[in-house]
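# A structural walkthrough
Letter by letter, the chains look like this.
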Amino acid sequence: MTERGGATHSKMEVKTSLLDNMIGVGDMVLLEPLNENSFIENLRKRFDHNEIYTYIGSVVISMNPYRSLPIFTPEKVEEYRNRNFYELSPHIYALADEAYRSLRDQDKDQCILITGESGAGKTEASKLVMSYVAAVCGKGQEVNKVKEQLLQSNPVLEAFGNAKTVRNDNSSRFGKYMDIEFDFKGDPLGGVISNYLLEKSRVCKQPRGERNFHIFYQLLSGASNDTLTKLKLDRDFSKYNYLSLDSATVNGLDDAASFRTVWNAMQIVGFMEDEVQSVLELVAAVLKLGNIEFKPESRVNGFDESRVKDKNDLKEMCELLGIEQSVLERAFSYRTVEAKMEKVSTTLNVAQAYYARDALAKNLYSRLFSWLVTRINESIKAQAKTRHKVMGVLDIYGFEIFEDNSFEQFIINYCNEKLQQIFIELTLREEQEEYIREGIEWTNIEYFNNAIICDLIENNQNGILAMLDEECLRPGTVTDDTFLDKLNTICAEHQHFESRLSKNSKFLTDHSLPHSCFRIQHYAGKVLYRVEGFVDKNNDLLYRDLSQAMYKATHSLMKQLFPEGNPAKVNLKRPPTAGFQFKASVGGLMRNLQTKNPNYIRCIKPNDKKAAHIFTESLVCHQVRYLGLMENVRVRRAGYAFRQSYESSLERYKMLCKQTWPHWRGAARDGVEVLLTDCSVPAEEFAYGRSKIFIRNPRTLFTLEERRRACLEDLATLIQKIYRGWRCRTQFLLLKKSQVVVAAWYRRYAQQKKYQKIKSATLVMQSFIRGWKARKILRQLKYEKRCKEAVTTIAAYWHGTQARRELRRLKEVARRKHAVAVIWAYWQGLQVRREYRKFFRANAGKKIYNFTIQRIMQKYFLGLKTTMPSMSPIDNTWPARPYMFLEGAHSELRRIFHFWRCKKYQGQFTEEKKAVYEEKLEASEIFKDKKALYPSSVSQPFKGDYLEIQKNPKYQKLNSAVEDKVLLADVVNKINRANGKGAPRLFLLTKNNFVLADQKTGQVKASVPLPDLTSVSVSTQSDGFFALKLKEGSASAAKGDFLLSSEHLIELITKLHRTGATAADRDQINIDISDEFLVQFNQDKVCVKFIQGGPKNGNSAACKRKNNRLLEVSVPSSP
Ligand SMILES: Nc1ncnc2c1ncn2[C@@H]1O[C@H](COP(=O)(O)OP(=O)(O)OP(=O)(O)O)[C@@H](O)[C@H]1O
Ligand SMILES: [Mg+2]
């Protein structure tokens, strides 16, 4: 056994082996004892445990589980990826991985041969292999597209090439070989599909319980109404003769859904819309063809001639294919035979017409199928021209042994015979190569060589196929019986040929061998073939008239499908027979397979009920036999049953010997040698190859395995022991450490608690003691304080008592003294009165009273003389009165004194001063309590001439212009009538008039005689504004009244008042004091209004023209 592949695993990865946890034995090579029973028992045991795969060396036996098992998941793919073949339990993925890796890494083309009987799971196995390879190979947009196309070719081919049979609901009715091509990296590039021998007879007739090809049912169930109308089809299966009705629907098959799947798959693979349409048209045409029926029409010569019964189906079929109806109709009635440049037309009877119809239907369908394969190949073919690596997958029917075996079974079994041959050849070759490679002596292996059987069938001179061809081509009457006769003559002596009538008389009495049959001893068993139909099937005749009619069709595919119908290329040579074609293609296939490294999957079905969990021993036994599996095992273990590389061998068994355990330092081979010697394995049981150890008997291996298992148990115990010890120790140390930590923490916590308790207790005691001490001191202090207070109180009481006693005593003394004095006075008075009574007159009392009063008055006046106040009339002081009874006299004296003092003061005045005072008095009369400016003017003397006009030379001219004496000269402000601003003017007042002059030049501006002055208006406030109102109509009043302001307003107005009245000879001039008065300016009367302004205006009043009729003077409010 070879340790194939070389994936290196990381050191951490656990090395496993097929030998681990085996159910039965995973590899039949290790079966002990080896016989059919143990073989089948092993299969059953494994099957019962859901182990559907078992190896025979590198061959995989696959049992059909008939249910889905959880062993095809992506996780499983990962598990088997890049693992050695014998490393894990047997699986189809292990084989696929092995094949893929040797293709990719060792550049060896591979083929995977899947055989088994119908329903054994070949097609499923091939799909598993393909899906595994698709999962593990490279990824990328382009690669994925190729993968998808390769995978999607399956549903298309299955729809057209698979059918429900009694053995399998999805039986492949054709052989399929697919080459998948890879580039150097192992990425798929494309593929080529070859198909073998489609079971075309199914198109026209299906055995009981079976169906026609899936596509017919899928089309009728799944196509839209629209499509069906276009194809002139009806959804009802019963309308079609070619469709068997009893099993038209299959459990678990949804034809409508499958139709959509197929449709999608065709799109993915790359079929054009019109191509799909054409294909469906042909399918429809086949159905229509089946419905064409014939009736006999008698002819003059007495023979019947066939005529189409109901031409409707014929017409529709012709429309679908674009054939002229009459051409086809004729082809069903006549047959043209050409021989030696002569054309002879013979009529067809009804049976012949039906034969022709069915032959056409079968040919049409099988050629359509081949065209589909070609078309798919076109899509999936590898684009790159570089050299490809190839993996071929062969899914082909296995040996078929029915009750009635015909031509088909014969050639199928021939194919399997060839496959067996190549299997043995390749296995032995590989085996031999390995022995040579490993330098082990090659012992000849006894095995059954089936070359003799192959020769019986395929020999070009006297092989059965050659004779059949010969018989078919022979002129004269040829029947199946003449063919059997021929066989009986020629193959009589062949060991593997048996026939009742053969020249070999030993079968004459064999009743299991009917007359029209022959039997062949295949490597897998004897098979009885009925010769009926051999010749016809081999001929596979399609009348030339039909092929020519087809060639004339306008349908796009027909010319490609029936090239032989081309009249330009009439070929009189007969077309190759079916047998010949098949032999050729099998030959081609074998040559192809021979160049590749083979991988075998042998499929077995456990029962023929298509049911899970049932293992029918006889059925399995039968398959084991004709698959030649026992032979397989025998060949595999002919020399040495088991082999393993030194490294893995040492790795697996090193624990069995002290020198190699746990590590062997030397070369692996030496290690194995030491190990085997130490285990005392007999020398004939093994041989040392270059890189592998070869073990002759499985028993030896099992002994080693057994010892290893026991050893592993010990080791496991040891490891367990050490591990447990380590774990307990670690656990203990951890616990100890934790305990210390916990204890430390706890102690700390307890001490903390204790400390806190003591501390709080101390504090309590402390506070109690302090409290107690404090209270003691407090008590002491309080006592002392109370003592002091008591002393003080006692002392106070004592002093009080003392004082009161003293007071009482003093009062007593005083009272006594007073009493003594009173008594003394009374006594004295009594004494005096007694003494002086004789001297007193009767009115002496009045005289004493008067005298006393005189004395008091005298004293009052004399005292007044010294306390007299000053002579100033404004001195308000006056001495207080000494006696109440002098009240009236005292105030009268004060009044008299004040008058006297005022008279004295007046007497001192000059004339001038008198005038001044008169003026002041007048001012007082005019303004007192009327104008706020007045009080401030009282203390100011009226000066009159403020400009000193006579002395000042500047006013010389002005002075001369004024005739009379100037009573008042001052600078006043003349208020501009337009804007209220002031301009300085000189104001002169004489006894007759007043003058206004320019301040700088002294030029007279206005001279107004006083009689023209009617009244003067001033405000009540502290401003100096005044308006001089002139008599209306007088000359001076032409320009209107004057509005002026002066700093000496009181003086000015007073003087004006006195002088103006005298000059005008009237009582007085009107002085109007109010805060709002009218002034005549030119023609307008303007109201002058005084308001109290804020101090912000400064100290002087400001005049402002508000509008035409209002001049507003804001006067600072008096502080
Ligand atoms: N590995 C599997 N797991 C589950 N079911 C399986 C498996 N292999 C096969 N089957 C079941 O068995 C049926 C038949 O399998 P398949 O079509 O592969 O047989 P076959 O050998 O190709 O037969 P035929 O020769 O008639 O084509 C499948 O339809 C499926 O139901
Ligand atoms: Mg199949």
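For the chain, an unreviewed UniProt entry supplies the name Unconventional myosin-Ib and the organism Esox lucius. As its UniProt record puts it under Subcellular location (unreviewed entry), the chain is described as follows: "Cytoplasm, Cell cortex".

Only T123 (OG1) and S172 (OG) from the protein coordinate the magnesium ion (ligand 2), and they sit 1.9 to 2.0 Å from it. Here T123, found in helix 4 (residues 122-136), pairs with S172, found in strand 5 (residues 171-172); they are 49 residues apart in sequence, far enough to count as distant. Looking at S172, the relative accessible area reads 15%, which means it is buried.

The next point concerns the pattern of salt bridges. Inspection of the entire model under this criterion finds 62 salt bridges. Linking K185 and D183 is a salt bridge whose minimum nitrogen-to-oxygen distance equals 3.2 Å. You can call K185 partly exposed: its relative accessible area is 44%. Here E1051 makes a salt bridge to K1055, at a shortest N to O gap of 3.0 Å. Pair noted here: E1051 and K1055 are both in helix 31 (residues 1049-1063), with a separation of four residues, about one helical turn. Considered together, E1051 and K1055 belong to a single accessibility category, that of buried residues. In this structure, a network of salt bridges that share partners links the residues R173, E199, R202 and E210.

As a further point, take a positive patch on the surface. Together, R770, K773, R775, K776 and R779 make up a positively charged patch on the protein surface. By the element assignment, R779 lies in helix 25 (residues 698-836).

Let's shift gears to the site of ligand 1. As a matter of local geometry, ligand 1 sits amid 17 residues, with N64, S118, K122, T123 and S171 nearest to it. In the model, an oxygen atom of ligand 1 is placed 2.9 Å from a nitrogen or oxygen of the G121 main chain. The side chain of N168 places a nitrogen or oxygen atom 2.9 Å from an oxygen atom of ligand 1. Protein contact buries 85% of the 630 Å² of open area that ligand 1 shows by itself. For the shell around ligand 1, the secondary structure elements donating two or more residues are helix 4 and strand 5.

As a further point, take the environment of G1002. Within the secondary structure layout, G1002 lies in the loop between strand 22 (993-998) and strand 23 (1004-1009). Here G1002 falls in the buried class, since its relative accessible area comes to 8%. With 45 residues separating them along the chain, G1002 and K957 place their C-alpha atoms 7.2 Å apart.

According to the stated counting rule, one finds six cavities of 30 Å³ or more in the structure shown. Around the largest cavity sit 13 residues that line it, and S58, T427, E430, P598 and R636 are the ones nearest its centre. Secondary-structure elements contributing two or more residues to the lining of the largest cavity are helix 13 (407-438) and strand 16 (597-604). A total of six residues in the lining of the largest cavity trace back to one element, the largest contributor, which is helix 13. When its residues are assigned to classes, the lining of the largest cavity shows five nonpolar, four polar and four charged. In this structure, the second largest cavity spans a volume of roughly 90 Å³. Forming the walls of the second largest cavity are M130, V133, A134, C137, K147, L150, L151, I180, F182 and P188. Residue classes in the lining of the second largest cavity are distributed as nine nonpolar, no polar and one charged.

A word on the state of the cysteines. Tallying each qualifying case throughout the model produces zero disulfides. Free of any disulfide, C318 has its nearest neighbouring cysteine sulfur in C204, separated by 17 Å. Distance from the sulfur of C472, which forms no disulfide, to the nearest cysteine sulfur (C491) is 15 Å.

Let's shift gears to the packing of helix 13 against helix 22 (residues 629-636). The contact between helix 13 and helix 22 brings their axes to 10 Å, and the two run at 15°. What the angle tells us is that helix 13 and helix 22 run roughly parallel. For helix 13 against helix 22, the interelement crossing comes out right-handed. Contacts between helix 13 and helix 22 pair F423, T427, L428 and E431 from the former with N632, V635 and R636 from the latter. The residue makeup of the contact of helix 13 with helix 22, split by class, is three nonpolar, two polar and two charged.

Counting buried residues in strand 22 gives six out of six residues, a clear majority hidden from the surface. As paired elements, strand 21 (residues 982-989) and strand 22 share five bridges and run antiparallel to each other. Bridge pairing in strand 22 places L986 opposite A997. Between the end of strand 21 and the start of strand 22, which pair antiparallel, lie three residues. Note: strand 22 against strand 23, five bridges, orientation antiparallel. Each residue of the ladder has a partner; that of V995, found in strand 23, is S1007. Following strand 22, the chain reverses through five residues before pairing antiparallel with strand 23; G1002 in that reversal takes a positive phi of roughly 80°.

Moving on, we come to the nonpolar core. Counting 215 residues, the largest nonpolar core has F39, F160, L328 and F518 as the members making the most contacts within it. No other element matches helix 12 (residues 350-380), which puts 15 residues into this core. One finds L996, V1016, L1052 and I1069 within the second-largest nonpolar core, a separate group that totals 30 residues.

One open sheet accounts for seven strands, arranged 1-2-16-3-12-6-7; its pairing is mixed. Each edge of the sheet is formed by a strand with only one pairing partner; in this case those strands are strand 1 (53-56) and strand 7 (188-196). Across the sheet, the mean angle from the axis of one strand to that of its neighbour is 20°, orientation sign disregarded. Where strand 2 (residues 59-63) and strand 16 come together, four bridges link them in parallel fashion. When the bridges of strand 16 are listed, V60 appears paired with I601. Running at roughly 15° to strand 7, helix 5 (residues 141-161) makes contact with strand 6 (175-182) and strand 7 of the sheet.

On to the side chain of E434. Relative to the helices and strands, E434 is located in helix 13. Residue classification places E434 among the buried positions, given a relative accessible area of 2%. Within polar-contact distance, the side chain of E434 engages the side chain of K692 at 2.7 Å.

Take the packing of aromatic side chains next. One pass over the structure, following the stated rule, counts 43 aromatic pairs. Aromatic side chains F686 and Y688 sit 5.2 Å apart centroid to centroid with 70° between the ring planes, which places their arrangement in the edge-to-face category. Site record: aromatic cluster; members linked through ring pairs are F407, F410, F483, F497, F518, Y529 and F534. Its end group placed over the ring of F423, R602 keeps NZ or CZ at 5.0 Å from the ring centre.

Quick look at the sheet that holds strand 25 (residues 1025-1030) now. Ordered in space as 23-22-21-20-26-25-24-27, the eight strands form an open sheet in which the pairing is mixed. Only two strands of the sheet have a single neighbouring strand rather than two, namely strand 23 and strand 27 (1070-1073). Looking at each pair of strands side by side, their axes are set apart by 30° on average, direction ignored.

Between E32 and the following residue, P33, the backbone shows a cis peptide bond with an omega angle of -5°. In this fold, P33 is placed in the segment before helix 1 (36-48). Cis rather than trans, the peptide bond between W661 and P662 has omega equal to 0°. One non-glycine residue, K232, lies in the positive phi region at around 55°. As for its position among the elements, K232 is in the loop between helix 7 (225-230) and helix 8 (255-269).

What counts and what doesn't
- Residues numbered from 1 in each chain as written.
- Chains lettered and ligands numbered in written order.
- Predicted model: local features only at pLDDT ≥ 70, side-chain atom pairs only at ≥ 80, totals over all residues.
- Heavy atoms only, no water.
- UniProt positions renumbered as here; feature names shortened; annotations may be inferred.
- Donors = N, O, S within 2.8 Å, 3.2 Å for Na, K, Ca; no water.
- Helix = DSSP H or I, 4+ residues; strand = E, 2+ residues; numbered from the N terminus.
- Buried < 20%, exposed > 50% of the residue type's maximum accessible area, 1.4 Å probe, protein only.
- Salt bridge = Lys/Arg side-chain N within 4 Å of Asp/Glu carboxyl O.
- Patch = residues over 30% accessible without salt bridge, like charges linked within 9 Å, V, L, I, M, F, W, Y side chains within 5 Å.
- Areas by Shrake-Rupley, 256 points an atom, 1.4 Å probe, with all protein chains shown as cover.
- Lys, Arg positive; Asp, Glu negative; His and termini not counted.
- Charge placed at Lys NZ, Arg CZ, Asp CG, Glu CD.
- Near = heavy atom within 4 Å.
- Polar contact = N/O pair within 3.5 Å; in protein donor to acceptor, adjacent residues only side chain to side chain.
- 1 Å grid on protein atoms, 1.4 Å probe; cavity = no way out; pocket = protein on both sides within 12 Å on 5 of 7 lines; lining within 4 Å.
- Points joined across faces, edges and corners; volume = space filled by probe spheres on them.
- Nonpolar A, V, L, I, M, F, W, Y, C, P; charged D, E, K, R; others polar.
- Disulfide = S-S within 2.5 Å.
- Axes fitted to C-alpha atoms, helices over the stretch in contact; angles between N-to-C directions.
- Parallel < 35°, antiparallel > 145°, perpendicular 65-115°, else oblique.
- Left-handed = near helix turned anticlockwise from the far one by under 90°.
- Contact = heavy atoms within 4.5 Å.
- Pairing = 2+ DSSP bridges.
- Core = buried A, V, L, I, M, F, W, Y, C linked by side-chain atoms within 4.5 Å.
- Phe/Tyr/Trp six-rings, centres within 6.5 Å; stacked < 30°, edge-to-face > 60°.
- Lys NZ or Arg CZ within 6 Å of the ring centre and 35° of its normal.

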